[in-house]
Amino acid sequence: FWPPSGIFVAVLLLTDRARWPWWVAGAGVAELTGNALWFHNPLHLAVLYFAANTGAAVAAALLVKRAVGGASRFVSLHRLE
């Protein structure tokens, strides 16, 4: 489990599918910046990591949306008794 991927899946689940390309583009900028600043990976590896992380998050979001029947929302569990 990679926490940024979990956050990315949650963002995709909470936004309309028409806005997903914007989130993917933002994730690409973040991934490439992080690779340049901290990991110093070559560009081709950074793009490969971005593609893998994005593919996993998009696949997870699509599968969850399919399993719950489309629209999803998060609710708090502190009121459940």
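Residues numbered from 1 in each chain as written. Predicted model: local features only at pLDDT ≥ 70, side-chain atom pairs only at ≥ 80, totals over all residues. Heavy atoms only, no water.

Draft legend 1. Geometry of a nonpolar patch on the surface. Judged by side-chain polarity, L32, L43 and V47 come together as a nonpolar surface patch covering roughly 260 Å² of accessible area. Along the chain, L43 falls in helix 3 (residues 43-68). On the accessibility criterion, L43 (60% relative accessible area) is exposed. (Patch = residues over 30% accessible without salt bridge, like charges linked within 9 Å, V, L, I, M, F, W, Y side chains within 5 Å. Areas by Shrake-Rupley, 256 points an atom, 1.4 Å probe, with all protein chains shown as cover. Salt bridge = Lys/Arg side-chain N within 4 Å of Asp/Glu carboxyl O. Helix = DSSP H or I, 4+ residues; strand = E, 2+ residues; numbered from the N terminus. Buried < 20%, exposed > 50% of the residue type's maximum accessible area, 1.4 Å probe, protein only.)

Draft legend 2. How the structure looks around the packing of aromatic side chains. Evaluated as defined, the whole model comprises 0 aromatic pairs. Note that R17 overlies the ring of W20, its terminal NZ or CZ placed 5.8 Å from the centroid. (Phe/Tyr/Trp six-rings, centres within 6.5 Å; stacked < 30°, edge-to-face > 60°. Lys NZ or Arg CZ within 6 Å of the ring centre and 35° of its normal.)

Draft legend 3. Broad picture of the nonpolar core. The biggest cluster of nonpolar side chains holds 8 residues, and these are F8, V9, L12, L13, W20, A27, A57 and A61. Mapped by element, the contributors of at least two residues to this core are helix 1 (3-14), helix 2 (20-39) and helix 3. In this view, W20 contacts L12, T15, V58, A61, L62 and K65; residues no more than four positions away in its chain are not counted. (Core = buried A, V, L, I, M, F, W, Y, C linked by side-chain atoms within 4.5 Å. Contact = heavy atoms within 4.5 Å.)

Draft legend 4. Seen up close, the side chain of T15. Secondary-structure assignment places T15 in the loop between helix 1 and helix 2. Residue class for T15 comes out buried when judged on its relative accessible area of 17%. What T15 contacts, discounting residues up to four positions off in sequence, is W20, W23 and K65.

Draft legend 5. Highlighting the packing of helix 2 against helix 3. For the pair helix 2 and helix 3, interaxial distance at closest approach is 10 Å and the crossing angle is 145°. In this structure, helix 2 meets helix 3 at a crossing whose hand is right-handed. Residue-level inspection shows W20, V24, A27, G28, E31, L32 and N35 of helix 2 in contact with helix 3, the latter providing L43, A46, V47, Y49, F50, N53, T54, V58, A61, L62 and K65. Along the lines of polarity and charge, the residues of the contact of helix 2 with helix 3 split into 12 nonpolar, 4 polar and 2 charged. (Axes fitted to C-alpha atoms, helices over the stretch in contact; angles between N-to-C directions. Left-handed = near helix turned anticlockwise from the far one by under 90°. Nonpolar A, V, L, I, M, F, W, Y, C, P; charged D, E, K, R; others polar.)

Draft legend 6. Fine view of the packing of helix 1 against helix 2. Relative to each other, helix 1 and helix 2 sit at 160°, their axes nearing to 10 Å. With respect to each other, helix 1 and helix 2 are oriented roughly antiparallel. As for the relative orientation of helix 1 and helix 2, their crossing is right-handed in sense. Of helix 2, the residues touching helix 1 (which contributes F8, V11 and L12) are W20, W23, V24 and A27. Taken together, the residues of the contact of helix 1 with helix 2 break down into 7 nonpolar, no polar and no charged. (Parallel < 35°, antiparallel > 145°, perpendicular 65-115°, else oblique.)

All quantities given are derived from atomic positions and should not be read as evidence of function.
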